Amino acid sequence: MKGDLEKVVTMYDLDAAINGRHSIRKFLPRPVPKDLLMECLALAQHAPSNSNIQPWRMFIAAGTIHDRLKEALMAASRESEPSVPVLPEHYKHFRIDLGAQVYGVGMGIPREDKEGRRAAVLRNWEFFGAPLVGIVCIDKELGPPDMVAVGMYLQTLVLSLTARGVSTCVQVALAGYPEILYKELSIPRQLSIICGMSIGYADPDFPANKLNIGRNPIENNVTILGY
Ligand SMILES: Cc1cc2nc3c(=O)[nH]c(=O)nc-3n(C[C@H](O)[C@H](O)[C@H](O)COP(=O)(O)O)c2cc1C
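Residues numbered from 1 in each chain as written. Predicted model: local features only at pLDDT ≥ 70, side-chain atom pairs only at ≥ 80, totals over all residues. Heavy atoms only, no water.

To continue, consider the sheet that holds strand β3 (residues 167–171). Pairing in this open sheet of four strands is antiparallel, and the strands run β1-β2-β4-β3 from one edge to the other. Strands with a single pairing partner mark the edges of an open sheet, and in this sheet they are β1 (57–61) and β3. Each adjacent strand pair in this sheet contributes to an overall mean axis angle of 25°, direction not counted. Sheet topology places β1 next to strand β2 (residues 132–139); five bridges connect them, and they run antiparallel. In the sheet register, A61 faces β2, and the bridge partner there is V133. (Pairing = 2+ DSSP bridges. Helix = DSSP H or I, 4+ residues; strand = E, 2+ residues; numbered from the N terminus. Axes fitted to C-alpha atoms, helices over the stretch in contact; angles between N-to-C directions.)

Structure follows, in structure tokens:
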């Protein structure tokens, strides 16, 4: 009975973490304790994967390595465009809608203010001020089912951090300068870089951190048959 009660409490904690997770785009300089990070990494290892191959490869940078990486990425982002996958035309309205919410409503930068928007986008490569950054990789020889496992791993990690008060922003932008990441973090060439993730404590006063980005109704994404 006691076990059952504990299970119920745990389920509510999970719901709170799912609902409470939002992408954070301004972090406090406060460091994340290493034992807390290790606890979350241990939980994330429970993610399922095809043949249990556990294909996620994470490189986490703190301290001087984080600072050096940030400097290199910021310099690159000022000089050249990142190489990030281009969205197909019929998905582009999602990016425009999101930009209106994050940069318009959240940061008060109108769409016509090209310089202001660019400066806000460039903050991706400063990890939005986060003291930790993770780079998410996978073996180049693996395919879509293994990418699914990396996604499941990442969400498990993100929710474990959220449940402990630590926020994140998953960022494809961080994969935009792969040569810098390979060099600065000594990432083996056998790995593809999928995305990055800023990790830290959210600045509670930054309006864009308080956004609740909407979602489709379930029926847009799910087809239920014979039930
Ligand atoms: C794979 C992936 C890549 C993303 N890339 C970026 C990014 O480069 N920069 C950014 O600010 N947010 C990025 N995001 C965050 C999304 O914009 C965000 O998850 C989405 O708008 C929903 O908002 P929410 O996370 O606050 O619920 C990314 C999220 C994912 C899962």
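More follows now that the structure is in view.
Moving on, we come to the side chain of D203. The topology assignment puts D203 in the loop between β4 (191–200) and α8 (218–221). Residue contacts for D203: discarding those within four places in its chain leaves K26, F27, L28 and N209. (Contact = heavy atoms within 4.5 Å.)

Let's shift gears to the site of the ligand. For the ligand, the set of nearby residues contains 14 residues, the closest of which are R21, S23, R25, V172 and R215. N124 places a polar side-chain atom, nitrogen or oxygen, 2.9 Å from a nitrogen atom of the ligand. Note that a nitrogen atom of the ligand is positioned 2.9 Å from one of the backbone N or O atoms of V170. Against a free-state accessible area of 620 Å², the protein chains account for coverage of 69% of the ligand. Its atoms largely coinciding with the cavity grid, the ligand occupies the largest pocket. The element that contributes the greatest number of residues to the shell around the ligand is β3, accounting for three residues. When the residues that make up the shell around the ligand are grouped by side-chain class, the tally is seven nonpolar, four polar and three charged. (Near = heavy atom within 4 Å. Polar contact = N/O pair within 3.5 Å; in protein donor to acceptor, adjacent residues only side chain to side chain. Areas by Shrake-Rupley, 256 points an atom, 1.4 Å probe, with all protein chains shown as cover. 1 Å grid on protein atoms, 1.4 Å probe; cavity = no way out; pocket = protein on both sides within 12 Å on 5 of 7 lines; lining within 4 Å. Sits in = over half its atoms within 2 Å of the grid points. Nonpolar A, V, L, I, M, F, W, Y, C, P; charged D, E, K, R; others polar.)

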